[in-house]
Amino acid sequence: MVLLAKIVGPKGVRGNIKIDVFTEDPLFLVRCPLVYNEKKEKLQFDFVGWVSRPSKIEARCHGISSREQAQALKGIKLYTSIEHLKALPDDHYYWKELEGYKVQFQENLLGTVVRMNNFGATDLLEISLSKNASSVYLPFHKNFITNVCKAQHIIFCTNEAEEWIQNTN
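- By the naming in an unreviewed UniProt entry, the protein is Ribosome maturation factor RimM, taken from Holospora undulata HU1.
- The protein has a UniProt comment under Function (unreviewed entry) that states "An accessory protein needed during the final step in the assembly of 30S ribosomal subunit, possibly for assembly of the head region. Essential for efficient processing of 16S rRNA. May be needed both before and after RbfA during the maturation of 16S rRNA. It has affinity for free ribosomal 30S subunits but not for 70S ribosomes."
- UniProt, in the comment section headed Subcellular location (unreviewed entry), describes the protein in these words: "Cytoplasm".

Okay, structure coming up:
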């Protein structure tokens, strides 16, 4: 599941809703062939207009025709499958895509990516260590990452990354 947007609340009295879209192209939400909520219920939207550029849109959700129904959708997160996202160049990655990748220095397996996070400063790989159940954060930065092999699902890292992991453990 890849998070696309979040429903902010109703807009008007006819069931239109405000949606905060997290994709580069906010209109992707209405063009995406599969959009669903946390319960994996499929939802379909039609673009109505802009609430505020660049990321908030007004849309109609199929089956919603009143302000009360729209209000009930407030706070719902909207998702799609990674297959519906456009292919990225080899040196770009969707965060979700990196989950499960092995992290290694040369032939030494250091752990497995649990998830990506960004708490404000930089993107971080959360790595579950292969030696125990703990996890550490490693900056997803060229000083620590030498290569990401999509075919083998391996992230190769630098000597500095190995030392970072050893010192934070």
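Resuming the write-up.
1. Points about the nonpolar core
Phase 1: With 22 residues, the main nonpolar core has Ile17, Ile19, Leu29, Phe45 and Leu78 as its most contacted residues.
Phase 2: Elements represented by at least two residues in this core include exactly β1 (2-10), β2 (17-21), α1 (28-31) and β6 (56-61).
Phase 3: Tallying contributions element by element places β1 first for this core, with four residues.
Phase 4: Sequence-distant contacts of phenylalanine 45, that is, excluding residues within four places in its chain, are made with Ile17, Ile19, Leu29, Val30, Val35, Ala59, Arg60, Cys61, His62 and Leu78.
Phase 5: Among the nonpolar cores identified, the runner-up in size contains 20 residues, and Tyr93, Leu98, Val136 and Phe144 belong to it.

2. Topic: the domain arrangement of the protein
Phase 1: Domain parsing of the protein yields domain 1 (2-86) and domain 2 (101-168).
Phase 2: Here the C-alpha centroids of domain 1 and domain 2 sit 34 Å apart.

3. What about the packing of aromatic side chains?
Phase 1: Taken as a whole and assessed by the stated rule, the structure comprises five aromatic pairs.
Phase 2: Where tyrosine 93 meets phenylalanine 140, the ring centres are 5.9 Å apart and the plane angle is 85°; that geometry is what we call edge-to-face. You can see tyrosine 93 sitting in the loop between β7 (77-80) and α3 (95-98) and its partner phenylalanine 140 sitting in the loop between β11 (135-139) and β12 (145-149), a full 47 residues away along the chain.
Phase 3: Looking at phenylalanine 140, the relative accessible area reads 22%, which means it is partly exposed.

4. Quick word on the side chain of threonine 158
Phase 1: Here threonine 158 lies in the loop between β13 (154-157) and α4 (159-168).
Phase 2: With relative accessibility at 12%, the residue threonine 158 sits in the buried group.
Phase 3: Only 2.9 Å separates the side chain of threonine 158 from the backbone oxygen of asparagine 143, close enough to count as a polar contact.
Phase 4: Those residues within four positions of threonine 158 in sequence are excluded, and the remaining contacts are Phe105, Lys142, Asn143, Phe144, Ile145 and Thr146.

5. What to know about the UniProt feature "domain: RimM N-terminal" (unreviewed entry) in the protein
Phase 1: Mapped onto this numbering, the UniProt entry annotates "domain: RimM N-terminal" (unreviewed entry) at residues 4-81.
Phase 2: As annotated, residues 4-81 has a helix share of 13% and a strand share of 44%, and its two end C-alpha atoms lie 10 Å apart.

6. Remarks on α4
Phase 1: Those residues of α4 lying buried are Ala161, Glu162 and Ile165. Along α4, the residues classed as buried sweep out an arc of 100° about the axis, all on the same side.
Phase 2: At its buried positions, α4 is contacted by β8 (102-105), β9 (108-118), β10 (123-129), β11 and β13.

7. Remarks on the pattern of salt bridges
Phase 1: In total, this model carries seven salt bridges according to the counting rule given.
Phase 2: For glutamate 99, the salt bridge goes to lysine 96, with nearest N and O atoms at 3.3 Å.

8. Looking at the pairing of β6
Every other side chain in a regular strand lies on the same face of the sheet, so the side chains alternate between the two faces.
Phase 1: With four bridges joining them, β2 and β6 adopt antiparallel strand pairing. From the neighbouring strand, isoleucine 19 faces β6, where its bridge partner is isoleucine 57.
Phase 2: Pairing analysis gives six bridges linking strand β5 (residues 45-52) to β6, with the strands arranged antiparallel. Residue pairing in the sheet places tryptophan 50 in a bridge with isoleucine 57 of β6.
Phase 3: With antiparallel pairing between neighbouring strands as the criterion, β5 and β6 make up a hairpin whose turn holds three residues.

Reading the values: the criteria
Residue positions are given per chain, counting from 1 as you read along its sequence in written order. For this predicted model, a pLDDT threshold of at least 70 governs which residues receive local features, and a threshold of 80 or more governs which side-chain atom pairs are given and counted, while totals over whole chains, interfaces and linings are taken from all residues. The basis for the side-chain values is all heavy atoms of the structure; hydrogens and waters are excluded. UniProt positions are given in the numbering used here, feature names are shortened, and annotations may be inferred rather than shown by experiment. We call a set of buried Ala, Val, Leu, Ile, Met, Phe, Trp, Tyr and Cys residues a nonpolar core when their side-chain atoms join them within 4.5 Å. Each residue is assigned to one of three classes by its accessible area relative to the maximum for its type, calculated with a 1.4 Å probe on protein chains only: buried under 20%, partly exposed between the two thresholds, exposed over 50%. Secondary structure counts use DSSP, requiring at least four H or I residues in a row for a helix and at least two E residues in a row for a strand, with both numbered from the N terminus. Between two residues, a contact is recorded if the distance between any of their heavy atoms is within 4.5 Å. Segmentation of the chain into domains, including their bounds, is taken from an automatic or database domain assignment. Pairing of aromatic side chains requires ring centres within 6.5 Å, counting the rings of Phe and Tyr and the six-membered ring of Trp. Pairs whose planes differ by under 30 degrees are stacked, by over 60 edge-to-face, and all others tilted. Here a polar contact means two N or O atoms within 3.5 Å. Within protein one must be a hydrogen donor candidate and the other an acceptor candidate, and residues neighboring in sequence count only if both atoms are side-chain atoms. Working definition: the arc comes from the directions between the helix axis and the C-beta atoms, pointing outward to the latter. A carboxyl oxygen of Asp or Glu within 4 Å of a side-chain nitrogen of Lys or Arg is what we treat as a salt bridge. For two strands to be treated as a pair, DSSP must find no fewer than two bridges joining them.

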